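# Chain and residue survey
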Amino acid sequence: MSPKPRSRIAEHVQAYRRRLAAAGDQEVLFKLPQQTVEMLDAIKERQGLRNRSQALMQLIEQKGAAAQ
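Since the model is a prediction, treat every value here as computed from it, not as a measurement. (Residues numbered from 1 in each chain as written. Predicted model: local features only at pLDDT ≥ 70, side-chain atom pairs only at ≥ 80, totals over all residues. Heavy atoms only, no water.)

### Thoughts on the overall build of the protein chain
Looking only at helices and strands, one finds three helices and zero strands in the protein chain. Ordered by position from the N terminus, the helices and strands of the protein chain form the series α-α-α. Computed over the C-alpha atoms, the radius of gyration of the protein chain is 16 Å, more than 25% above the 11 Å expected from 2.2 N^0.38 for a compact globule of 68 residues. In terms of overall dimensions, the protein chain has C-alpha extents of about 50 × 25 × 20 Å along its principal axes. Residues counted as buried form 9% of the 68 residues belonging to the protein chain. Of the roughly 6,400 Å² that the protein chain leaves accessible, carbon and sulfur atoms contribute 53%. Averaging the locations of the 12 positively and 7 negatively charged side chains of the protein chain gives two centres separated by 6 Å. (Helix = DSSP H or I, 4+ residues; strand = E, 2+ residues; numbered from the N terminus. Rg over C-alpha atoms; globule rule 2.2 N^0.38 Å. Buried < 20%, exposed > 50% of the residue type's maximum accessible area, 1.4 Å probe, protein only. Areas by Shrake-Rupley, 256 points an atom, 1.4 Å probe, with all protein chains shown as cover. Lys, Arg positive; Asp, Glu negative; His and termini not counted. Charge placed at Lys NZ, Arg CZ, Asp CG, Glu CD.)

Okay, here's the thing in structure tokens:
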């Protein structure tokens, strides 16, 4: 199997980002300390979440509820 040409990859990335935007989401890249990633992984496992994004959203929602 030959690798995809750059333009083809770019099309797939653009389509992915359009689907995210249509769902009201946006992809964001974070640089985090290893300890923070481990904390997110622990939350993910404890709560039975599918990914770190869900763990991060849970923390943000808890903080927002506590601030109100």
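### Re the side chain of Lys 44
In this fold, Lys 44 is placed in helix 2 (residues 34-47). Lacking a salt bridge, the buried Lys 44 has Glu 45 as its closest oppositely charged neighbour, with an N-O distance of 4.0 Å. In contact with Lys 44, other than residues within four places in its own chain, are Leu 49, Arg 50, Asn 51, Arg 52 and Ala 55. (Salt bridge = Lys/Arg side-chain N within 4 Å of Asp/Glu carboxyl O. Contact = heavy atoms within 4.5 Å.)

### Focus: the pattern of salt bridges
Two side chains with opposite charge may pair up if their charged atoms get near one another. Considering all chains together, one arrives at two salt bridges under this definition. For Glu 11, the salt bridge identified is with Arg 8, shortest N-O distance 3.7 Å. Here Glu 11 and its partner Arg 8 are both found in helix 1 (residues 6-22), three residues apart, which amounts to about one turn of the helix. For Glu 11, a relative accessible area of 43% gives the class partly exposed.

### Examining helix 2
Since one α-helical turn is 3.6 residues long, residues separated by three or four positions face the same way. Taking 1.5 Å per residue as the helical rise, helix 2 with its 14 residues ought to reach 20 Å, and the 20 Å between its terminal C-alpha atoms agrees with that figure. Within helix 2 the residues assigned to the buried category are Val 37, Leu 40, Ile 43 and Lys 44. Along the long axis of helix 2, the arc covered by the buried residues comes to 120 degrees, so they all point the same way. Pointing more than 90 degrees away from the buried face of helix 2 are the exposed residues Gln 34, Gln 35, Glu 45 and Arg 46. Its buried side turned inward, helix 2 meets helix 3 (52-67). Positive phi shows up at Gly 48, right after helix 2, with a value of about 70 degrees. (Expected span 1.5 Å × (residues − 1). Arc of directions from axis to C-beta.)

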